[in-house]
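Architecture and fold: a report
Letter by letter, the chains look like this.
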Protein chains: 2
Amino acid sequence: MTPERFKRITNLLDKRQPDLTVCMEQVHKTHNLSAIIRTADAIGIHNIHAIYSTQSRWLSNGRASGSQNWVKVVEQPDTATAIKQFKQQGMQVLATNLSDRAVDFREIDYTKPTALIVGQERDGISDEALELADHHIVVPMYGMVESLNVSVASALIMYEAQRQRLVAGLYDTPRVSDEIRHQMLFEGGHP
Amino acid sequence: MTPERFKRITNLLDKRQPDLTVCMEQVHKTHNLSAIIRTADAIGIHNIHAIYSTQSRWLSNGRASGSQNWVKVVEQPDTATAIKQFKQQGMQVLATNLSDRAVDFREIDYTKPTALIVGQERDGISDEALELADHHIVVPMYGMVESLNVSVASALIMYEAQRQRLVAGLYDTPRVSDEIRHQMLFEGGHP
Ligand SMILES: C[S@@+](CC[C@H](N)C(=O)[O-])C[C@H]1O[C@@H](n2cnc3c(N)ncnc32)[C@H](O)[C@@H]1O
Ligand SMILES: C[S@@+](CC[C@H](N)C(=O)[O-])C[C@H]1O[C@@H](n2cnc3c(N)ncnc32)[C@H](O)[C@@H]1O
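What you see is a predicted model; the values in this text were computed from it and never measured.

With respect to the environment of Phe 86 of chain B
Residues and elements named next belong to chain B. Within the element layout of this structure, Phe 86 appears in helix 3 (residues 79-88). Among the residues examined, Phe 86 registers a relative accessible area of 1% and is labelled buried. A sequence separation of 67 residues divides Phe 86 from Asp 19, and the C-alpha atoms of the two residues are 9.5 Å apart. When residues no more than four places from it in sequence are discounted, the contact partners of Phe 86 are Thr 21, Cys 23, His 49, Met 91, Val 93, Ala 115 and Ile 117.

Some remarks on the site of ligand 2
Residues and elements named next belong to chain B. Within the structure, ligand 2 sits among 19 residues, and Thr 96, Gly 119, Glu 121, Val 139 and Leu 148 are positioned closest to it. Within the backbone of Gly 119, one N or O atom sits 2.9 Å away from an oxygen atom of ligand 2. In this structure, Val 139 approaches ligand 2 through a main-chain N or O atom, which is 2.8 Å from a nitrogen atom. Protein contact buries 85% of the 570 Å² of open area that ligand 2 shows by itself. Looking at the shell around ligand 2, the elements that each hand over two or more residues are strand 7 (135-138) and helix 5 (150-167). Here the residues of the shell around ligand 2 are counted per class, giving 10 nonpolar, 5 polar and 4 charged.

A closer look at the relation of the copies chain A and chain B
After a rotation of 180° and a shift along the axis of 0.0 Å, chain A superposes on chain B with an RMSD of 0.0 Å. This pairing of chains is accounted for by a two-fold axis. Taking the C-alpha atom as reference, chain A places Val 152 of chain A closest to the rotation axis, 2.6 Å from it. Interface residue correspondence from chain A to chain B reaches 100%, placing this contact among same-surface, isologous pairings.

A closer look at the site of ligand 1
Close contacts around ligand 1 come from 19 residues, with Thr 96, Gly 119, Glu 121, Val 139 and Leu 148 of chain A the closest. Looking at the residues close to ligand 1, they fall on chains A and B. Arg 122 of chain A is positioned such that a nitrogen or oxygen atom in its backbone is 3.1 Å from a nitrogen atom of ligand 1. When ligand 1 is considered free in solution it has 570 Å² of accessible area, and contact with the protein chains removes 85% of it. Going through the elements one at a time, strand 7 (135-138) and helix 5 (150-167) of chain A are the ones with two or more residues in the shell around ligand 1.

Each value, and the rule that gives it
Residues numbered from 1 in each chain as written. Chains lettered and ligands numbered in written order. Predicted model: local features only at pLDDT ≥ 70, side-chain atom pairs only at ≥ 80, totals over all residues. Heavy atoms only, no water. Helix = DSSP H or I, 4+ residues; strand = E, 2+ residues; numbered from the N terminus. Buried < 20%, exposed > 50% of the residue type's maximum accessible area, 1.4 Å probe, protein only. Contact = heavy atoms within 4.5 Å. Near = heavy atom within 4 Å. Polar contact = N/O pair within 3.5 Å; in protein donor to acceptor, adjacent residues only side chain to side chain. Areas by Shrake-Rupley, 256 points an atom, 1.4 Å probe, with all protein chains shown as cover. Nonpolar A, V, L, I, M, F, W, Y, C, P; charged D, E, K, R; others polar. Least-squares fit on C-alpha atoms with pLDDT ≥ 70 in both.

Quick look at the structure:
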């Protein structure tokens, strides 16, 4: 590894936010997955989660411009298992939901450990996720269209988390464990 | 038109922001165009602009979930003509750019009349747009990937504009002209 690359990776690792994650329920379109992964990388998420009920899978085909090396996609067997894991890690669980019960996404405190659940392109989030979540959140819309693209909605929420975490100084000191650090230096350093 | 539909459209028109627009330079992928149109609708933009140098065109194929009826895509012959138009309308012109010269997108005052220029998926924004723009803006990234998806980057900036305009009360009173109002009621009311 060149010294420049080593430095670049170390800088990236120093900004990683291990207590922030996104979990995608049945998001199937490659361009949406890729866009979500790119945004996750950009705000410092190193692990995202995917739930698929069928055999269809996320395929690494270069659409995410290499971010696959920097953001790990963990497959979860089902929504309940995934949410249980997040809660065991002390995370608040946020379900994105278009109903009136949901609060404005900007009202949430994202400096807390947080897992964001986003739903399928056509059908939205599952009832199970809505039931198990700590909060339902919505991105306010003033038009005729009923929903945003899923990668757009997730990005808006991830960047609100980034904004709050910048203010709170959470990007100022390294926060990833040595284990993740070594793993990423090893995997990312050898493409 | 049913009374409910009439009311829904009127409510939408009351939130429209006629002095805010997005201009896409050579954005070719349908899913990106659709996502940008959906987001524009959601924050109250009724006109967006597209520049294509080739014969390829934006195709209305339902991917934007009907928002084509509510957001008009104006084709511009070239970047210079488009930017000249925006300036004649008193708009500040913002070029999204990944260089160090760009300022953080959150530092801009979006309550001013504003045109946002976004660039092509692969090559980014043109030198001409960079030269003619009033500001270069960037969405800060802390990962290894060099850029965000274009519909994600535009959405983050459009929603920052929405946030500032909400605070400033720009969604509280109707702002579209009677001409646009009648046109949209006519076109949108008859699908
Ligand atoms: C295209 S939407 C699904 C629309 C679906 N018809 C529904 O009613 O939920 C796909 C996902 O994007 C996210 N999403 C889209 N627009 C949103 C908004 N305005 N607020 C919060 N999440 C949103 C949610 O995760 C949603 O499950
Ligand atoms: C995929 S990017 C283009 C990348 C291209 N290689 C470049 O260097 O500009 C497509 C467009 O998305 C927008 N974009 C992507 N990431 C951005 C960011 N972090 N800040 C501002 N705009 C961004 C810009 O409009 C850019 O022209």
